[in-house]
Every structure is written in C-alpha cells, then in structure tokens.
Amino acid sequence: MLRYSNYISIDNMNRKKIFLIALLPLFSSLLLADDIQFKASAPAQVIVGKPFQLTYTVNQRSRDLRAPEMEGFDILAGPYTSQSSSTSWVNGQRTSSYTQTYTYTLIAQKEGTYTIPPAGVTVSGEQYTSNGLKIKVLPPDEQPSAENEQPQAVGERQQQQSASSGTNSDNIFIRTVVSKTRVHEQECILLQYKLYFAGVDVTQFTNNTKLPEFKGFLKQELEQGEIQTQLEHYNGRNYNTAVLYQTLLYPQHSGDIKIDPAQFEAVLRVQTRSQVRSIFDDFFGSYTNVTRTLTAPAATIHVEALPKGKPAGFSGGVGHFTMKSNISTTEITQNEAVTLKLDISGMGNLKLLKTPSIDFPEGFEEYDPKVSNNFKNTTSGMSGTKSIEYLFIPRAAGEYTIPSVTFSYFDTQDKQYKTLSTPEYTLNVKRGAGEEQSTVVSNYVNKEDIRRLGNDIRYINTSELSAERNSDSISFGTMPFWLCYIIPLLLAVILFIVFRRQIKENADMRKVRYKKANKVVQKRLKQAKLLMDEGKKDLFYEEIERAVWNYLSDRLSIPTAELNKENISQLLSQKGVSENVIKEINEVLNTAGFARYAPVSSEHAMEDLYNQTIKAFEDLKI
C-alpha cells in the first residue's frame, strides 16, 4: 500500500509539471503583449517634390502590415523590411532586444498639413495599431525667372558656388523674432533669436554670444535644452531653423523701446574646393571649419500706456487671471486661530502682483500673510498660481463678517480692466471656558507657536538676566578671547587659498575643455544612439562627425576651425597615438561624411559605424 500511494503521488506531481509547462507559452505571450510597441515615425516637415521616409517599427516579430491611405503623398518605394537584434550582459544579467522595421519612401504632392492614420500589424496572432502622424508639407524653393537669369562664364559660376559654401548671407542668417511689436505696459512678449541656414553644414550652433541688455524690460529667461532643427519656408526658400535663445520680456514703461542687436558665432564645415577627377573626390574631399559671426538685427517694441479709468484696487496686474478663496472654519471658540486662503491663478506678470489686504474686524489679532508661488515660464508666457494664507485670531466672542477680497487687473484678451472678488464669510465666535485659558496655534503653515498668556504684560526680573549675561561673557586678553579672532582668520586664509586655486584652474580654458571632453563626447554618442534608433540617418551621421571633431578639438587644445583631415594624423602622431588608431579615426570621419550624401543607408551600417566610433574613442588615449 505504501508503494502504491508513493507511485500515485509521483504521478500527480508529473501531471502538474506537464500542465505548468503547457501553460508557460500562454503566460509568456501575455507578458510579451504588455511590452509590444508599434510606432510610426516621419519628419514633421517635408518639402513638395523631395522624397522622405515613413518608418514603422515593432519590437517583436510581426507580419501582415496594413498601411493606411496616405492622402497627399505618393509612394515611391516600399515597404522595405529589415530586422535587427542585440544581446548584452550587464552585471551578470542577460538582456536582448529585437526590432523589425517597415520603411516607405514617400513624396508630397502639394503643400498643406496632412494626417497619416494609424497602421496595423499582427504579432503572435494579435492585432496592434500604431500612432498616427501629422506632417506639414512646405512649398518648394522659388526659382528665379528666366528673364532675370544672365549667361554666366564658367569662372563666375565657380566663384558663386564657392560663395555659397558659407559666405553668402542668403544661406545663413539670424532673425530677431518677437511675438508682438505693439503691446501694453507689463504685457508679455516672447523674443527668439532664430538661425536660418540652407546649403551649409553647421557643426556648432553657438560659440560666443553677445546679448543686449534689454533695457526697459523685465526679463524671464526660458530653459534652453538641446537645440533642435526643423524646416521652415521663408521668403520663398526652405531653410533649416534652430532657436538659439529665447526669453520673455515685460515692458516697464510706455513708448518705443529698442532692443539692440545681438551677436552669435557659428562654426561651418566647408569643403575645400579643388579639381574634381572622379565622383569619389567629392565624397572624400578635404574639409575645414570656418567660424562665422552672425548678427541678429535690432527690434523696436511700441508700448502703449494702460488706459485711464483704473479701478481703486488696481495694483499693476496685467494678463488673464482667476481668483478663489476658502476659510478653514466658520464656527470657532474665541482665541482659536482661523486661516483664510486666497489663490490667484492665470497667465501674466504674476511675479509683480501685490498681496491684497483684508480689513479684519476690530478685535482680531492678525499676522503677516504667508505667500507661496508656483510659476512656470513657457513660450506662451508666465503661468501658475500665487497662494496667500492669512492667519488671524478673534479675541472676543460674537458674530463677525470677513469682508470680500477684491483684485483688479488689466485683461490683455478683452483690453479692459476687470475686478475679481471673493465671497464674504460669516464667522461665529463662541465664548471660551475662561479668560485665563491659553491657546496654542499649530496648524499654520509656518509652524510657529502662538500663545496667549493670562496677562498681556508680565514683570521681567532684569537682575537675573544681567547676572546670567555676566557669567557667560568672555574677558579681554584670555585664551577664548584670542581664539575668537584667530580661528576666523585662519578659516579666511584657507578659503582664500582654495578659491584662488579654483579660479586659476578655471581660467585655463584649455585645461577645462580637456577635462570635460569625455563627458561631452559621451553625451553626443548618447544622442547619436537615439537618432539611430529613430532612423534619422542624416542627423545620426552629423552627430557622429560633431562628436569626433569636438573631441579632437578639446583634447588637442586646437580650435575646431583649424582642424582638418590633413593635420589630424600629424597632431595625433605627435601625441604618441599609434597608426592603427589614427586610421580608425579617419575611417570614422570618412564613413560618416560619405554616408550623409549616400542615397541609401541601412540600419546595420549606422550600427556598425556607432560601434566603430565607440571603439575608436576607447583606443584613442590622448
């Protein structure tokens, strides 16, 4: 019997294992279903007549791609399908990834803004839908009329081509863009310095910057993240644009206020023109970096004074606001604390708003209001909430009315003054248990204890205080007396030496750039990896080139404008770099330069170049 029961139990265990193994694929599919990502990507702006790529990416093996109707676009090719996978070990843990990509080559038929609906795909028998896309189609560049064209000699045409490599002001310039040129006092203005370039290769957007003082304005700078480029049609031509600097301005007085010109420096990568013997000479020709100083023109803002008829409670608020209030309680006992909270929210010159005052009833003990600001600067202006808390204590029983709080401002939307008000509050104060009872207030935001004693004034024994003060005093000439002077003096000398050393180190810009070179190149390689994953070929190769040029410039302490392929090998050899490493660096630059102008480039090519660049930096020890 014992053997039979053991057999039965073992058989049941095997059945359970088989059952769990059978369910394992189901559980695995459910876990994978939550991680499946199906995304569509394409440029946000394209030009009529110029091909671009629409890419669908899924992180699992898929089939049966169902592309939507692409109104406004013609399909030139596709879909081309490609797969990529990678495996890595980090701290003993294995991670792997898989990507399947469907690529279409499209061309826009006419200008306008078009929407590409979501696409569908099948993964493990389940249907998945991508995101939709909105694409703005810009008109093509205007061509000069045949009547204005004059026959040109070969030499003149070559001179014009050389000028277009970065010296022509039509190819690269900066505009001073303001959201409004006619405003009222304290009305917000968005100012942007915007770079426009076409037909030139900008390797560094800003180097040295000289901004105006913005006299007559209150300035609130906006956070400037990674500079991004986008297409824009301006004056009949399509340009790549980048916002170099932006800020919010609030005019402080009426009249015409002038904003002085600003200066920026950009580093351009220009090909050295020479006699072309074959098509490969164009691809692998020598390049040099040229620093170009660009001036943003001045601008004039016409500021109108606020209209007459200001309300009695107007304190300078300009914008669009709302106001609300609430009270902590309306039924209390005398000598208890009450909090009235006021919130002013909206968009405008929030930092300049004054705190409204409240006329509390007689017999109320009031304290300074507690003000907290939660503001945010955006390209639309400053928005947020100004919160004010009023703390007061009724000292006598009775029924009281807390008056309404009014706030007046000039509305920039309706161009008129408006007054906001809060409701009145009726406060019923009951008599306390006894006059000598003390009250402790601990619910106020500043967490200060407020006590009411039985008597307003009590006698203070000054003889005890004077005796205690004499016992704690330090006599002249004693050791503690001299230590009070010597210790601060020693600390001051030590701090002076430390700060002087830091100032001396920071003054050596070459040394600072040398130390930061590794961090800068890691940041650029991380950005290149993101561009590679998004399939942005041109931007990826451009970022790889910038990483190499800037790293060599920082490590060799030579301006990027003086670096070129001819002197890199010589400079690296002087630093003791082996020929193999020099060859790796040149191969990265040549591959990136060639791939930017190549008609087709696969993801494998980008991934190979990315890995080759990382290896080159690891081998390069300078």
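Residues numbered from 1 in each chain as written. Predicted model: local features only at pLDDT ≥ 70, side-chain atom pairs only at ≥ 80, totals over all residues. Heavy atoms only, no water.

A. The overall build of the chain, seen in detail. Per the secondary structure count, the chain includes 10 helices and 34 strands. Look at the contacts in the chain between residues 6 or more apart in sequence, and 72% of them connect residues 24 or more apart. Counting only carbon and sulfur atoms, one obtains 51% of the accessible surface of the chain, whose full area is about 38,200 Å². (Helix = DSSP H or I, 4+ residues; strand = E, 2+ residues; numbered from the N terminus. Contact = heavy atoms within 4.5 Å. Areas by Shrake-Rupley, 256 points an atom, 1.4 Å probe, with all protein chains shown as cover.)

B. Representation of the sheet that holds strand E9 (residues 126–129) within the structure. Strand order across the open sheet formed by three strands is E4-E8-E9, with antiparallel pairing between neighbours. The sheet terminates laterally at strand E4 (63–66) and E9, the two strands that pair on one side only. Direction aside, the axes of adjacent strands within the sheet are offset by 25 degrees on average. Of the pairings in the sheet, the one linking strand E8 (residues 120–123) to E9 comprises four bridges and is antiparallel in character. Bridging from a neighbouring strand, threonine 122 pairs with glutamine 127 of E9. (Pairing = 2+ DSSP bridges. Axes fitted to C-alpha atoms, helices over the stretch in contact; angles between N-to-C directions.)

C. Summary view of the pairing of strand E32 (residues 425–430). Alternating positions in E32 separate cleanly, Tyr425, Leu427 and Val429 being buried on one face and Thr426, Asn428 and Lys430 remaining unburied on the opposite face. Where strand E24 (residues 331–333) and E32 come together, three bridges link them in parallel fashion. Looking at E32, one finds that glutamate 331 is bridged to asparagine 428. In this structure, strand E29 (residues 398–402) lies alongside E32, joined through five bridges in antiparallel fashion. (Buried < 20%, exposed > 50% of the residue type's maximum accessible area, 1.4 Å probe, protein only.)

D. Representation of helix H8 (residues 565–574). Of all the positions in H8, only Lys565, Asn567, Ile568, Leu571 and Leu572 are classed as buried. Angular distribution of buried residues about the axis of H8 spans 150 degrees; they occupy a single face of the element. Every exposed residue of H8 that faces more than 90 degrees away from the buried side is listed here: Glu566, Gln570 and Gln574. Positive phi shows up at glycine 576, right after H8, with a value of about 85 degrees. (Arc of directions from axis to C-beta.)

E. Inspection of the confidence of the model for the chain at higher detail. For the chain, per-residue confidence averages 78 on the pLDDT scale, and 77% of positions sit at 70 or higher. Segment residues 1–10: pLDDT under 50, and zero contacts once partners within four positions in sequence are set aside and those in other chains are kept. Scored below 50 in pLDDT, residues 146–167 shows 17 contacts in the model against residues more than four places distant or in partner chains. (pLDDT = per-residue confidence, 0-100.)

F. Main features of the packing of aromatic side chains. Applying the stated rule across the entire model yields 21 aromatic pairs. Centroid distance phenylalanine 173 to tyrosine 239: 5.3 Å. Interplanar angle 80 degrees. Geometry classified as edge-to-face. You can see phenylalanine 173 sitting in strand E11 (residues 172–178) and its partner tyrosine 239 sitting in strand E18 (residues 237–251), a full 66 residues away along the chain. The burial state of phenylalanine 173 is the same as that of tyrosine 239; both residues are buried. Between phenylalanine 314 and tyrosine 417 the ring centres are 5.3 Å apart and the planes differ by 80 degrees, which places this aromatic pair in the edge-to-face class. One end of the pair, phenylalanine 314, is in strand E23 (residues 314–327); the other, tyrosine 417, is in strand E31 (residues 416–421), with 103 residues separating them in the sequence. What links up through ring pairs into an aromatic cluster is the set Phe173, Tyr196, Tyr234 and Tyr239. (Phe/Tyr/Trp six-rings, centres within 6.5 Å; stacked < 30°, edge-to-face > 60°.)

G. The arrangement of the sheet that holds strand E5 (residues 73–90) in detail. Strand order in the open sheet formed by four strands is E1-E3-E6-E5, with antiparallel pairing between adjacent strands. Each edge of the sheet is formed by a strand with only one pairing partner; in this case those strands are strand E1 (38–41) and E5. When strand polarity is set aside, the average angle formed by the axes of neighbouring strands in this sheet is 20 degrees. Note: strand E3 (residues 52–58) against strand E6 (residues 93–108), seven bridges, orientation antiparallel.

H. Molecular detail of the side chain of lysine 386. Tracing the sequence through the fold places lysine 386 in strand E28 (residues 381–394). Within the buried set, lysine 386 has no salt-bridge partner at all; the shortest N-O distance to an opposite charge, 11 Å, is to aspartate 343. Discounting chain neighbours no more than four positions away, the residues touching lysine 386 are Leu342, Asp343, Ile344, Leu353, Thr355, Val371, Ser372, Asn373 and Phe375. (Lys, Arg positive; Asp, Glu negative; His and termini not counted. Salt bridge = Lys/Arg side-chain N within 4 Å of Asp/Glu carboxyl O.)

I. Molecular detail of the pattern of salt bridges. Within the structure shown, the criterion is met by 18 salt bridges. Arginine 269 is the salt-bridge partner of glutamate 545, the closest N and O atoms lying 2.9 Å from each other. Residue glutamate 545 is found in helix H7 (residues 537–556), and its partner arginine 269 is found in strand E20 (residues 262–271); the two are separated by 276 residues along the sequence. In this structure glutamate 545 comes out as buried when scored by relative accessible area, which is 3%. According to the relative accessible area criterion, arginine 269 is buried, its value standing at 7%. We note a salt bridge from lysine 536 to glutamate 534, for which the minimum N-O separation is 3.2 Å. On the accessibility criterion, lysine 536 (39% relative accessible area) is partly exposed. Since its relative accessible area comes to 42%, glutamate 534 is described here as partly exposed.

J. Summary view of the packing of H7 against H8. Close contact between H7 and H8 brings their axes to 12 Å; oriented N to C, the two are set at 45 degrees. Comparing the axis directions of H7 and H8 gives the class oblique. Viewed along their axes, H7 and H8 form a crossing whose handedness is left-handed. Residues Trp549, Leu552 and Leu556 of H7 pack against Lys565, Ile568, Leu571 and Leu572 of H8. The residue inventory of the contact of H7 with H8, partitioned by class, reads six nonpolar, no polar and one charged. (Parallel < 35°, antiparallel > 145°, perpendicular 65-115°, else oblique. Left-handed = near helix turned anticlockwise from the far one by under 90°. Nonpolar A, V, L, I, M, F, W, Y, C, P; charged D, E, K, R; others polar.)

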